[in-house]
Structures are given as structure tokens and as C-alpha cells.
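Here are the chains, one letter per residue:
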Amino acid sequence: MKKTMLKTLTAAALGLALGVSAVSASAADISTRLIRFGYGLNQDSKQGRAADYFVQRMSELSGGKFKVKAFGGASLGSDIQMQNALIGGAQEMMVGSTSTLVGIDKRMGVWDLPFLFDSAEQADKVLDGPYGQKLLDNLQDQGLVGLVYWENGFRNMTNSKRPIEKMSDMDGVKLRVMQNPMYLDLFKSMGANAVPMSFSELFTALETKAVDGQENPVTTIESSKFYEVQKYLSLTQHVYSPWIVLMSKSFWDKLNDDEKAIVMQAARDSRDFERKDSREQSVKAMAFLKEHGMEINEVAPEELAKMREKAAAVIQTQASVLGQDTLDGLNAAIAAAKQ
Ligand code: TK8
């Protein structure tokens, strides 16, 4: 009796040490599953590395039964196309922007509010806490299961015309924004000529000068090779963007509890892997972009204050879109994260 308990304890302790979840592949009831996992960035990006890691974890935790195939470079479609494929059950999984989900659930738009978080760690707390979970849960009625949030990061502006040192430098700059009304309003209010466009079309649009600029975190600017077609990088840090890992609800509903637990564990592990990689990579990306000829500038505090003022006005208009409850919940979650 004593011996058995000891054995069990050791096994449990070992499991913890190895980071293995409560579900052990041999004991669990797992079927062979084929899962297509799509994403928008190149394979050689933090999104691609974390997707590969997820593939590996799913295999390990399921004893090789979960065969995930990752498709990068928007080869399964843009974020919006993939979201619809998941809802329709034509694709099982994806990772992409939360911003393009507002057409499916307006409340997802809270993460687009400018100058919301002081740090990535503060964002982690809110995203991984009950408030972030609630927003994931809301998606179930729309045919999507939100598993975890990864980090895209604080967004900065690039363009081929001039450094954005003052807010007025945005005047007339043709700026690609995500397909999200808040972004459109925000950059219009700051003077840019904002054009919504999917990420998968962006490189070509920058190359052919169909647009002058775009905004994304430095890691995405690096891995998408925007430095080849953009001269100026201006550090505005205007929005902290998460990515969201989604599963088709119709696929999720086919899984038993053991299988769901494995998916959740692999998703959480991939989140931790991705955020660590993201933060290490951003420092390197800045140096890389400089070496590859980008001119990088900070924005003076008084100019950032002007941008915040424009942002505050846009946030006001969002209250009716997002709902007062959603905003109150957000403010409470941020206040708690600050403690
Ligand atoms: C990648 C996009 C991208 C996002 C954008 O599919 O569209 O600018 O920042 O990361 O989700």
C-alpha cells in the first residue's frame, strides 16, 4: 500500500518536472486526429516557430495520435478566410489576429483599444485571467473555440515617405490597417489615409507602393521582410496586439474530455513558448532592422500625448460598440493587474 502510493507520487512528481499534463497518453482515450493549423506569417517567424512547437507538443501528449499539420504564409487563406473555414468546419485550427474577429464578435475589439496596457506582463495578466477567458468563451456561440492568446506585441509604424516624429507627419500617408473599424477611425483621426487590407496582401501592396506604410510589432516587420520595402520605423507602441489560437467548434465537439485536455495543455505550452520567443526576438529584431537600413525613431512624449488624445476620442465612440459591461470588466481587470 505504502509502496504503491510512493510510486504514484513519484510518477506525479516526475510528470510535473517534465511538464507533462495530468493526462497520460497511454491511459487516455485518444483517437487518431488530423488537424490543419493555419497562420498568416512566414514559417520563419515567431508564429511559425510556435506553430511547430504546438505540432510537436500535440504529438508528444497524444502518443503520436494527434497529427497536426501547420500551414504558414496564409497558404490556407487570410485571417478572415480561415476564421470562416473554422466556423464552417472546413479547417480545424488557426492562429491570427483578434482584431479581424470583430466581424464575428464585436467584444473582441477590446484588445484593439489604443494605449491600453503599460507592459506586456500586464497584458498577460488580463488576457490569461477570467476576463480574457470570458472573451474566449463568448466565441463559442459563433462556432469558434478560443484556446489561448499568443503575443503579436506592441505595434509600431513603418512607411516609405518620412519618419513619423510628430503626429502631423502622418498627414496623407496611405496607411494599411487591419480590417477593423476602430483602426480605421483611429488612424484617420490622426491624419493618415487609412486603408483596410488583409495581411496576406500587404507585402505586395508596400512593394508596389499601393500603400505607403503599415503598422505591426518589430518582430513581424522583420519576419515579413517589410524592411525591404519600408525605410522608416517609428516607435509609437500604440496598441498591444495579442494573437488568438482558435479551434473549429464543430471539431472541438467531436473530442472527448481526454482529448480536449491534451489540446488545452499543448495550447498553453505553446503560449508560454511563443511569448518567451517573442520577447527575446523583439530585442534582436530592432538591431536587425537597423542593420538592414531602416531608420528608427522614437516619438517625442508631447507628440505621443497628441496621439493619445485622438485615441481617447475614438475610445469614447467604441463604448457603444463594445458595450458598457465589456468596458467596465476590462477596466476592472486592468486595475487588478496593476496591483
Ligand atoms: C497575421 C496578422 C498580423 C496582424 C496584421 O495573419 O494583420 O497586421 O498584425 O499579425 O494577424
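Here, the structure is the one placed above.
Note that the structure is predicted; figures quoted are calculated from it, not measured.

## Focus: the pattern of salt bridges
Piece 1. Applying the stated criterion to the full structure yields 19 salt bridges.
Piece 2. For the salt bridge of Asp124 with Arg279, the shortest nitrogen-to-oxygen distance reads 2.9 Å. Of this pair, Asp124 sits in helix 4 (residues 120-128) while Arg279 sits in helix 10 (residues 257-291), placing them 155 residues apart in sequence.
Piece 3. Among the residues examined, Asp124 registers a relative accessible area of 13% and is labelled buried.

## Thoughts on the packing of helix 2 (residues 46-61) against helix 10
Piece 1. Packing of helix 2 against helix 10 brings their axes to within 9 Å, and their N-to-C directions diverge by 150°. Considered as vectors, helix 2 and helix 10 are oriented roughly antiparallel to each other. The handedness of the crossing between helix 2 and helix 10 is right-handed. Mapping the contact onto sequence places Lys46, Arg49, Ala50, Tyr53, Phe54, Arg57, Met58 and Leu61 in helix 2 and Ile262, Val263, Gln265, Ala266, Ala267, Asp269, Ser270, Phe273, Glu274, Asp277, Ser278 and Gln281 in helix 10.
Piece 2. Each residue belonging to the contact of helix 2 with helix 10 can be placed in one class, and the counts come to 10 nonpolar, four polar and six charged.

## Focus on the environment of Ala74
Piece 1. Within the secondary structure, Ala74 sits in the loop between strand 2 (66-71) and helix 3 (79-88).
Piece 2. Between the alpha carbons of Ala74 and Val263 there is a distance of 23 Å; along the sequence they are 189 residues apart.
Piece 3. Ignoring sequence-local partners within four residues, the contact set of Ala74 consists of Tyr39, Gly40 and Ser200.

## Section: the sheet that holds strand 3 (residues 93-97)
Piece 1. On the basis of which strands lie adjacent, the open sheet formed by five strands has the order 2-1-3-10-4 and mixed pairing. Taken across any chain shown, the strands that pair with only one partner, and hence form the sheet edges, are strand 2 and strand 4 (144-154). Strand-to-strand twist across the sheet, computed as the mean angle between neighbouring axes with direction ignored, equals 20°.

Each value, and the rule that gives it
- Residues numbered from 1 in each chain as written.
- Predicted model: local features only at pLDDT ≥ 70, side-chain atom pairs only at ≥ 80, totals over all residues.
- Heavy atoms only, no water.
- Salt bridge = Lys/Arg side-chain N within 4 Å of Asp/Glu carboxyl O.
- Helix = DSSP H or I, 4+ residues; strand = E, 2+ residues; numbered from the N terminus.
- Buried < 20%, exposed > 50% of the residue type's maximum accessible area, 1.4 Å probe, protein only.
- Axes fitted to C-alpha atoms, helices over the stretch in contact; angles between N-to-C directions.
- Parallel < 35°, antiparallel > 145°, perpendicular 65-115°, else oblique.
- Left-handed = near helix turned anticlockwise from the far one by under 90°.
- Contact = heavy atoms within 4.5 Å.
- Nonpolar A, V, L, I, M, F, W, Y, C, P; charged D, E, K, R; others polar.
- Pairing = 2+ DSSP bridges.

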